[in-house]
Amino acid sequence: MAEFTLHDLQCFDAVVRTGGFQPAAAMLYRSHPAVFAAVAKLERQLGLILLDRSGYRVRPTEAGLSFHRRALSLLRELDGLRVHAAQLAMGEESEIHVVIGDLCPRPHVLGMLGRFFAQCPGTRLHLHFEAVGGPWERLFDDEADLILHWVDKGDARVEWVDLCKVSFIPVVAPGFLPGRIEQPITLDQMQALTQCVMRDSARHSPQQNYSLIEGAPQCLVADQGMKKEIILQGLGWGHLPRFLIEEELHDGRLQSIAGRHLPGRTDELVVARRRDRPHGPIANRLWDHIQQEAPTLRRALEPRRPAGQTPTNQSRKAQVATPGPLGSRPAITS
């Protein structure tokens, strides 16, 4: 059996994935005859019919499917080798682009970045602040070396490291709720009240909305700081990160309305980057630095406990101080 080339395998893979020679040629930036000839040569060399050409779309035969599964592992190794070679060829980067999402506790994250880049005077840090789907869009538009935000962990294009859990709590200022609203608070009761929500900073991706009450009046804001101030002033209600409102919850300037009908959730803050892109030495060192700082970040975000109070005593006190659904499981939203 004659030797086949990586080019032959790439052409065959492209035809299987696109369902035709013409779209495969477009994907590979090759001519239609070149792709057709490469696959035909591969079939001759293997002594196998890999593609069924009898229908409107070209489909792999049973033998073609089996061969394609084995070929994919080789093609992935090739892609990984190319990325590794590109990394080796890169010197220290002159600039790094980092996106901080709306889940981030900014003082802690900025301090972590500041400590790292103080040791890299030759590399300029470009910081971007995005909300909701904005960090993802920057990453996939190749405008970010890494992001600190939540990720879709099922997306094979990214790799990530869990940093900490971020709890968001639905809160109001004292006196914001009308007297007619009773426990447990329902979504219908909240529909007439202004909900303060984060504006999705994505520019061309579909807008994402979380935990919004359909038909309720909205107040859109660009960041968590403005959202907090609006809620404190009694101009709306919404979900805020616990790390941002710990003091206000403690002294009563904000009250949780979490309960059965507003259960919310806790999201994972991660550091993420593209798996299919090369990363230079500074970017790799930053990646390692953030992983090492993760335990400190987790400890900093633990709920504050009054001096001399055990977690058990604290939870009992909270149950007495906030009857009904108040103080229930925190929530997160945009």
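The coordinates are above.
Residues numbered from 1 in each chain as written. Predicted model: local features only at pLDDT ≥ 70, side-chain atom pairs only at ≥ 80, totals over all residues. Heavy atoms only, no water.

**Q** Looking at this model, I keep getting lost on a nonpolar patch on the surface. Mind explaining?
**A** A surface patch of nonpolar side chains, about 230 Å² in accessible area, is lined by Leu110, Leu127 and Phe129. Its location among the elements puts leucine 110 in helix H5 (residues 106-117). On the accessibility criterion, leucine 110 (34% relative accessible area) is partly exposed. (Patch = residues over 30% accessible without salt bridge, like charges linked within 9 Å, V, L, I, M, F, W, Y side chains within 5 Å. Areas by Shrake-Rupley, 256 points an atom, 1.4 Å probe, with all protein chains shown as cover. Salt bridge = Lys/Arg side-chain N within 4 Å of Asp/Glu carboxyl O. Helix = DSSP H or I, 4+ residues; strand = E, 2+ residues; numbered from the N terminus. Buried < 20%, exposed > 50% of the residue type's maximum accessible area, 1.4 Å probe, protein only.)

**Q** How should I be thinking about the packing of aromatic side chains in this particular structure?
**A** Aromatic ring pairs are reported here in terms of the distance separating the ring centres and the angle at which the planes meet. Counting across every chain of the model gives 6 aromatic pairs. Ring geometry for phenylalanine 116 against phenylalanine 117: centres 5.1 Å apart, planes inclined by 85°, an arrangement best described as edge-to-face. Each of the two residues, phenylalanine 116 as well as phenylalanine 117, counts as buried. Taking the ring centre of phenylalanine 140 as reference, the NZ or CZ of arginine 157 above it sits at 3.9 Å. (Phe/Tyr/Trp six-rings, centres within 6.5 Å; stacked < 30°, edge-to-face > 60°. Lys NZ or Arg CZ within 6 Å of the ring centre and 35° of its normal.)

**Q** Can you help me understand the nonpolar core in this one?
**A** Nonpolar side chains tend to gather and get buried jointly when the protein is soluble and globular. With 39 residues, the main nonpolar core has Leu146, Leu148, Leu163, Leu269, Val271, Leu286 and Ile290 as its most contacted residues. Of all elements in the fold, only strand S3 (95-100), H5, helix H6 (134-140), strand S5 (146-149), strand S6 (158-172), strand S11 (266-274) and helix H10 (281-300) reach the threshold of two or more residues within this core. In terms of residue count, the dominant contributor to this core is H10 (7 residues). Once you skip the residues sitting within four places of it in the chain, valine 271 turns out to touch Leu146, Ile147, Leu148, Glu159, Trp160, Val161, Leu163, Trp287 and Ile290. (Core = buried A, V, L, I, M, F, W, Y, C linked by side-chain atoms within 4.5 Å. Contact = heavy atoms within 4.5 Å.)

**Q** Explanation requested: the pairing of S5 in the structure shown.
**A** In the case of a regular strand, side chains alternate between the two sheet surfaces. Of the two faces of S5, both are covered, the one formed by Leu146 and Leu148 as well as the one formed by Ile147 and His149. Pairing geometry for S3 and S5, over 3 bridges, is parallel. Note that in S5 the partner of valine 99 across the bridge is isoleucine 147. (Pairing = 2+ DSSP bridges.)

**Q** Help me understand the environment of leucine 301, please; the structure alone is not making it clear to me.
**A** Within the fold, leucine 301 resides in the loop between H10 and helix H11 (311-321). Take leucine 301: its relative accessible area is 13%, and that puts it in the buried class. Through-space distance from the C-alpha of leucine 301 to that of proline 105 is 8.3 Å; in sequence the pair is 196 residues apart. Leave out the neighbours within four places in its chain, and leucine 301 touches Pro105, His108, Cys164, Lys165, Val166 and Phe243.

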